[in-house]
Amino acid sequence: MSEMFSALLTTEQAGQYQTALVQRRLDELPPGEVLIRVQWSSMNYKDALSASGNKGVTRQYPHTPGIDAAGQVVSDDSGTFAEGTAVLVTGYDLGMNTAGGYGEYIRVPAGWVVRLPDTLDVREAMLLGTAGLTAGLCVQALLDSGVTPEDGEVLVTGATGGVGSLSVALLAHLGFSVVAATGKDDAHDWLKALGAASCVGREALADAGRPMLKPRWAGAVDTLGGEPLASVIKSTAYGGSVACCGLAASTDLPLSVFPFILRNVRLLGVDSVEQPLAAKAAIWQRLATDWRLPQLEQVLAEEVSLQALPGWFERILAGGVRGRVLVRVSG
Ligand SMILES: NC(=O)c1ccc[n+]([C@@H]2O[C@H](COP(=O)([O-])OP(=O)(O)OC[C@H]3O[C@@H](n4cnc5c(N)ncnc54)[C@H](OP(=O)(O)O)[C@@H]3O)[C@@H](O)[C@H]2O)c1
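Residues numbered from 1 in each chain as written. Predicted model: local features only at pLDDT ≥ 70, side-chain atom pairs only at ≥ 80, totals over all residues.

A look at the overall build of the protein
Test applied: Helix numbering and strand numbering both begin at the N terminus, where a helix is a DSSP run of H or I of at least 4 residues and a strand a DSSP run of E of at least 2. We take the radius of gyration over the C-alpha atoms and set the globule estimate at 2.2 Å times the residue count to the 0.38 power. As a rule, residues whose C-beta atom has 12 or fewer other C-beta atoms within 10 Å are exposed, those with 20 or more are buried, and those in between are partly exposed; C-beta atoms are placed from the backbone. Two residues form a contact once the distance between their C-beta atoms, set from the backbone, is within 7 Å.
Of the regular secondary structure elements, the protein holds 8 helices and 15 strands. For 331 residues, the compact-globule estimate of 2.2 N^0.38 gives 20 Å, and the C-alpha radius of gyration of the protein, at 20 Å, lies within 12% of that figure. The C-alpha extent of the protein, read off along each of the three principal axes, is 65 × 45 × 35 Å. Taken across its 331 residues, the protein has 50% of its residues classed as buried. Look at the contacts in the protein between residues 6 or more apart in sequence, and 70% of them connect residues 24 or more apart.

Below is the structure:
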């Protein structure tokens, strides 16, 4: 088949990266078992990195970014999915070095594809996207480590970001008293509407280099890394846990061992990309049922077309997006 379809394509010219809408042929897609017509995608921090030439994310250009995709199965050589099945793909190599969700079609291995739970539609799935899956994995990690709403307040850093806002909403939905840490002073009401009990500014995460801080948090979801994460760990109460999933501030972690050996604090690493498919599907099932968020629509920052999306990449890299940017890929 050499049918044409619309896709964003990031190209490199003299070290500069540009992303534009182009026409591609189906036979230009990589080999794979499942051909999917993509209806919705979303914008994540990592997509903006891919579209701006970050070689840690994407090695070769021209390239179609988009680490998230949801739509309908067109054909499946593995025999796992019937034509028309509603599915989603997040992570693995999608949008990194495999043409991603910012095109009307993707072709991927069957082992990357999650059947959409009945109670979640394709648009809702992408309003959640990798950010929602990651928030879900962080919350699951905190629950598995024994943190309960009765233990006290939980903190979410980078709270207006995709992972942050969905973590706030999910933890609040599960009955936790959530403190949202944000650099956006004008976003406190928005965060409270999502379920935050209170908000603190980024300055609350500075620690002046002290080895330990007053214990406050029963648990935390950290999307920032660096000094903010170190400060969160130092402020975690005895036996508490911190889920670490991001690096929006820094990849460093300037910390001593004291919080671990004196307060029994646990640091939980969370990756959403290479999780086994069954683990991803289990979180999606929860997000569609007992974790289904009544306030999900409130995390929508903007619904954009493929054509309009490149205008958003710089904003997310600068930490300037509040909530989730949903991408309408095809009708
Ligand atoms: N482990 C995984 O599988 C996984 C999956 C998804 C994302 N991530 C990572 O998680 C992080 C968040 O991703 P996202 O898609 O939610 O991004 P996002 O929507 O851009 O959210 C990041 C938020 O962090 C805050 N922030 C940004 N720059 C900062 C800085 N220099 N110092 C302090 N705060 C800063 C901002 O929130 P406020 O203004 O509210 O403070 C910003 O909105 C990224 O590092 C991403 O790579 C990891």
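Considering the site of the ligand
Basically, it comes down to this: Should the C-beta atom of a residue, placed from the backbone, lie within 6 Å of a molecule or strand, that residue is near it. Just so you know the grouping, Ala, Val, Leu, Ile, Met, Phe, Trp, Tyr, Cys and Pro go in nonpolar, Asp, Glu, Lys and Arg go in charged, and all remaining residues, Gly too, go in polar. Boundaries of every domain are those given by an automatic assignment or by a domain database.
Near the ligand, the surroundings consist of 31 residues, among which Gly158, Gly161, Thr182, Gly246 and Gly319 are the closest. Contributions of two or more residues to the shell around the ligand are made by α1 (45–51), α2 (122–144) and α3 (162–173). Taken together, the residues of the shell around the ligand break down into 13 nonpolar, 14 polar and 4 charged. Counting residues domain by domain, the shell around the ligand receives three or more from each of domain 1 (4–116 + 296–328) and domain 2 (130–269).

Remarks on the environment of Ile106
Along the chain, the position of Ile106 falls in strand β6 (residues 105–108). Residue classification places Ile106 among the buried residues on the basis of 30 C-beta atoms within 10 Å. When the C-alpha positions of Ile106 and Cys199 are compared, they lie 40 Å apart, and in sequence the two are 93 residues distant.

Points about the domain arrangement of the protein
For the protein, the assigned domains read domain 1 (4–116 + 296–328) and domain 2 (130–269). Contacts between the two partners involve 12 residues from domain 1 and, on the opposite side, 15 residues from domain 2.

Topic: the packing of α2 against helix α7 (residues 277–288)
Heads up, the condition is: All axes here are fitted lines through C-alpha atoms, helices being fitted over the stretch that makes contact, and every angle between N-to-C directions spans 0 to 180 degrees. An angle below 35 degrees is read as roughly parallel, one above 145 as roughly antiparallel, one from 65 to 115 as roughly perpendicular, and any other as oblique.
Two elements in contact, α2 and α7, have axes whose closest approach is 10 Å; the angle formed by their N-to-C orientations is 95°. Here α2 is positioned roughly perpendicular relative to α7, judged by the angle of their axes. Touching Leu128, Gly132, Leu133, Gly136, Leu137 and Gln140 of α2 are Lys280, Ile283, Arg286 and Leu287, all from α7.

Concerning the sheet that holds strand β10 (residues 198–201)
The strands making up a sheet are joined through hydrogen bonds of the backbone, oriented either antiparallel or parallel. Here is the rule: The criterion for strand pairing is that DSSP finds at least two bridges linking the strands in question.
Strands sit in the order β10-β9-β8-β11-β12-β13 across an open sheet of 6 strands; the sheet is parallel. Both edges of this open sheet fall to β10 and β13 (266–269), since each of them pairs with a single strand only. Pairwise comparison of adjacent strand axes, ignoring direction, gives a mean angle of 20° for this sheet. As judged from the 4 bridges shared by strand β12 (residues 236–244) and β13, these two strands associate in the parallel manner. In the sheet register, Val242 faces β13, and the bridge partner there is Leu267. With respect to the sheet, α2 is in contact with β11 (217–222), β12 and β13, its orientation differing from that of β12 by roughly 155°.

Topic: the pairing of β11
Defined as follows: Looking down the strands as they point away from the viewer, one classifies a crossover as right-handed if the path from the first strand across the helix to the second runs clockwise.
Of all 6 residues that make up β11, 6 are buried, and the element is covered over most of its length. Taken together, the 3 bridges between strand β8 (residues 154–156) and β11 define a ladder with parallel strand orientation. Across the sheet, the residue bridging to Val154 is Gly219, located in β11. For β11 and β12, the ladder comprises 5 bridges, and the chain directions are parallel. Each bridged residue has a counterpart across the sheet, and for Val221 the counterpart in β12 is Ala243. Tracing the backbone out of β11, into helix α5 (residues 226–234) and back to the parallel element β12 gives a crossover that is right-handed.

With respect to unusual backbone geometry
With an omega dihedral of 5°, the bond running from Tyr61 to Pro62 counts as a cis peptide bond. Relative to the helices and strands, Pro62 resides in the loop between α1 and β4 (68–76). The backbone phi angle of Tyr92 is positive, close to 50°, even though this residue is not glycine. You can see Tyr92 is positioned in the loop between β5 (86–90) and β6. Phi at Asn264 is positive, roughly 60°, even though this residue is not glycine. Tracing the chain through its elements places Asn264 in the loop between α6 (258–263) and β13. Overall, the presence of 13 C-beta atoms within 10 Å leaves Asn264 in the partly exposed class.

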